[in-house]
Amino acid sequence: MNTLLLKNNEEDLKKAADMIRSGQVVGIPTETVYGLGADASNENAVREIFSAKGRPSDNPLIVHLADFSQAAEYTAYIPEIAKRLAEKFCPGALTMVMPKNNKIPMVTSGGLDTVGIRIPSHPVMHRIIELSGCPIAAPSANISGYPSPTSASHVMNDMSGKISAVVDGGNSEYGVESTVISFDDENTARILRPGCITRDMLLEVCDEVIIDRAILNEVAAGEKVSSPGMKYKHYSPRADIIMVEASVQKFAEYVSLCDGENIYSLVYTGDEKYLSHRCFTYGADSSEQAHLLFRRLRELDEMGAERVYVRAPSPDGVGLAVYNRLIRAAGFEVIKL
Ligand code: AMP
Ligand code: MG
């Protein structure tokens with residue numbers, strides 16, 4: 001299959017929307033990362049997404065809608081707390097898991113009786129949803145297990161020949177996937193995947209916000225999880241990632257003793273002056289680090305890095321999202337100095 005590279009203009013967005021309406025899969029920019037979009041109500045189209053990514057069939061897809069008012073068409077029940085959150089955070093990088101109805105096939109929900117709904121704010125994604133008239137299932141547009149794509153060229157690298165088109169909408173603004181939440185009761189949200197909408201932001205609307213245990217801890221084989229994505233190794237480049245929690249001085253001292261070919265560090269912007277060997281920087285604060293993390297992991301692979309020591313972010317605010325991606329990329333190996 002020849003994968004078309006489409007531009008961000010009305011004619012090309014119409015092409016992309018037509019492809020989706022006719023059951024094809026298209027790479028689409030969003031404000032979080034690039035998504036692999038198809039009609040969420042078309043089982044065959046959704047199967048194409050799973051096969052292009054090599055994604056386990058029990059890992060559910062998020063369904064993207066143009067407006068929160070359409071959520072009622074695809075859910076069996078919308079809790080009041082979800083409506084209040086939607087007023088504040090939709091459109092945006094928040095996915096809410098709710099009971100689904102039969103307009104969402106089991107293939108899309110990975111066999112669950114719930115569906116994650118998100119209203120993206122990115123104008124390209126928004127326009128494609130509108131023009132197609134479809135609910136769009138869209139996981140991150142990477143090969144399963146690899147770092148998520150934050151540019152059209154990342155999507156092309158992973159998906160060329162496997163999908164109909166990629167729409168180029170520039171670099172993703174946030175750089176990490178949406179915050180995924182479910183509801184324990186009418187006043188309690190549970191974060192299943194941290195993102196740029198932080199616990200503190202959710203607390204402006206909810207009485208209680210629980211951070212699910214699986215966000216920072218490895219899931220044991222056979223353990224029941226609230227979000228199937230938590231079971232799998234994720235976000236991982238070919239290079240071996242080792243997370244190091246340390247001050248910059250201790251980090252520099254530690255890595256200076258780790259020699260070998262093709263060893264790199266990934267550190268905060270500003271840390272580089274303490275380091276004597278090859279290093280990449282990924283920003284000075286958590287928002288910048290979220291924006292740059294996946295890009296840097298892909299660049300390190302391109303450089304032929306075999307092992308990368310990463311100076312870990314502090315796991316609060318948006319930093320929790322960055323920490324969560326890195327600890328999975330590292331296979332839960334963390335060195336604390
Ligand atoms: P991705 O499609 O790559 O953005 O990943 C989507 C994440 O959202 C996965 O980790 C899923 O486990 C989670 N997710 C999506 N839908 C649901 C759902 N119905 N229940 C629980 N988690 C979900
Ligand atoms: Mg993903």
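Residues numbered from 1 in each chain as written. Chains lettered and ligands numbered in written order. Predicted model: local features only at pLDDT ≥ 70, side-chain atom pairs only at ≥ 80, totals over all residues. Heavy atoms only, no water.

## Considerations on the overall build of the chain
Phase 1 of the analysis: When its secondary structure is counted, the chain shows ten helices and 16 strands.
Phase 2 of the analysis: The globule rule puts the C-alpha radius of gyration for 337 residues at 20 Å, and the 20 Å found for the chain is close to it.
Phase 3 of the analysis: Its C-alpha atoms put the chain at 60 × 50 × 35 Å along the principal axes.
Phase 4 of the analysis: Per-residue burial over the chain gives 58% buried out of 337 residues.
Phase 5 of the analysis: Residue pairs at least 24 apart in sequence account for 67% of intrachain contacts in the chain once pairs closer than 6 positions are excluded.
Phase 6 of the analysis: Approximately 13,700 Å² of the chain is accessible, and the part contributed by carbon and sulfur atoms is 47%.
Phase 7 of the analysis: Each charge sign in the chain was given a centre, from 34 positive and 44 negative side chains, and these centres are 2 Å apart. (Helix = DSSP H or I, 4+ residues; strand = E, 2+ residues; numbered from the N terminus. Rg over C-alpha atoms; globule rule 2.2 N^0.38 Å. Buried < 20%, exposed > 50% of the residue type's maximum accessible area, 1.4 Å probe, protein only. Contact = heavy atoms within 4.5 Å. Areas by Shrake-Rupley, 256 points an atom, 1.4 Å probe, with all protein chains shown as cover. Lys, Arg positive; Asp, Glu negative; His and termini not counted. Charge placed at Lys NZ, Arg CZ, Asp CG, Glu CD.)

## Quick notes on the packing of helix α9 (residues 286–302) against helix α10 (residues 319–329)
Phase 1 of the analysis: Closest axis-to-axis distance for the α9/α10 pair is 8 Å, and the angle between their directions is 30°. Taken together, the axes of α9 and α10 are roughly parallel relative to one another. For the pair α9 and α10, the crossing hand works out as left-handed. For the pair α9 and α10, the contacting residues are Ser286, Gln289, Ala290, Leu293 and Phe294 in the first and Gly319, Val322, Arg325 and Leu326 in the second. (Axes fitted to C-alpha atoms, helices over the stretch in contact; angles between N-to-C directions. Parallel < 35°, antiparallel > 145°, perpendicular 65-115°, else oblique. Left-handed = near helix turned anticlockwise from the far one by under 90°.)

## Focus on the site of ligand 1
Phase 1 of the analysis: Lining the immediate surroundings of ligand 1 are 18 residues, of which Arg55, Thr114, Arg193, Ser227 and Gly229 lie closest.
Phase 2 of the analysis: A distance of 3.1 Å separates an oxygen atom of ligand 1 from a polar atom in the side chain of Arg55.
Phase 3 of the analysis: Pro228 is positioned with one of its backbone polar atoms (N or O) 3.5 Å from an oxygen atom of ligand 1.
Phase 4 of the analysis: Cavity membership is defined here by more than half of the atoms lying within 2 Å of grid points; on that basis ligand 1 lies in the largest pocket.
Phase 5 of the analysis: Looking at the shell around ligand 1, the elements that each hand over two or more residues are β6 (114–118) and β10 (188–193).
Phase 6 of the analysis: Residue contributions to the shell around ligand 1 peak at three residues, all from β6.
Phase 7 of the analysis: Each residue belonging to the shell around ligand 1 can be placed in one class, and the counts come to nine nonpolar, seven polar and two charged. (Near = heavy atom within 4 Å. Polar contact = N/O pair within 3.5 Å; in protein donor to acceptor, adjacent residues only side chain to side chain. 1 Å grid on protein atoms, 1.4 Å probe; cavity = no way out; pocket = protein on both sides within 12 Å on 5 of 7 lines; lining within 4 Å. Sits in = over half its atoms within 2 Å of the grid points. Nonpolar A, V, L, I, M, F, W, Y, C, P; charged D, E, K, R; others polar.)

## Considering the pattern of salt bridges
Phase 1 of the analysis: Under the definition given, this model contains 14 salt bridges.
Phase 2 of the analysis: Of the charged contacts in the structure, one is a salt bridge between Asp212 and Arg190, with a shortest N-O distance of 3.1 Å. In this pair, Asp212 sits in the loop between β11 (208–211) and β12 (240–245) while Arg190 sits in strand β10, placing the two residues 22 residues apart along the sequence.
Phase 3 of the analysis: Judged by its relative accessible area of 9%, Asp212 falls in the buried class. (Salt bridge = Lys/Arg side-chain N within 4 Å of Asp/Glu carboxyl O.)

## Examining the nonpolar core
Most often, soluble globular proteins keep nonpolar side chains buried together rather than apart.
Phase 1 of the analysis: Ranked by internal contacts, the top residues of the largest apolar core, which has 59 residues, are Phe68, Leu85, Met96, Ile181, Phe183 and Leu202.
Phase 2 of the analysis: Setting aside chain neighbours within four positions, we find Ile181 in contact with Leu85, Leu94, Thr95, Met96, Val97, Ala189, Arg190, Ile191, Leu192 and Leu202.
Phase 3 of the analysis: Tyr235, Ala239, Leu292 and Val310 belong to the second-largest nonpolar core, a separate cluster that totals 30 residues. (Core = buried A, V, L, I, M, F, W, Y, C linked by side-chain atoms within 4.5 Å.)

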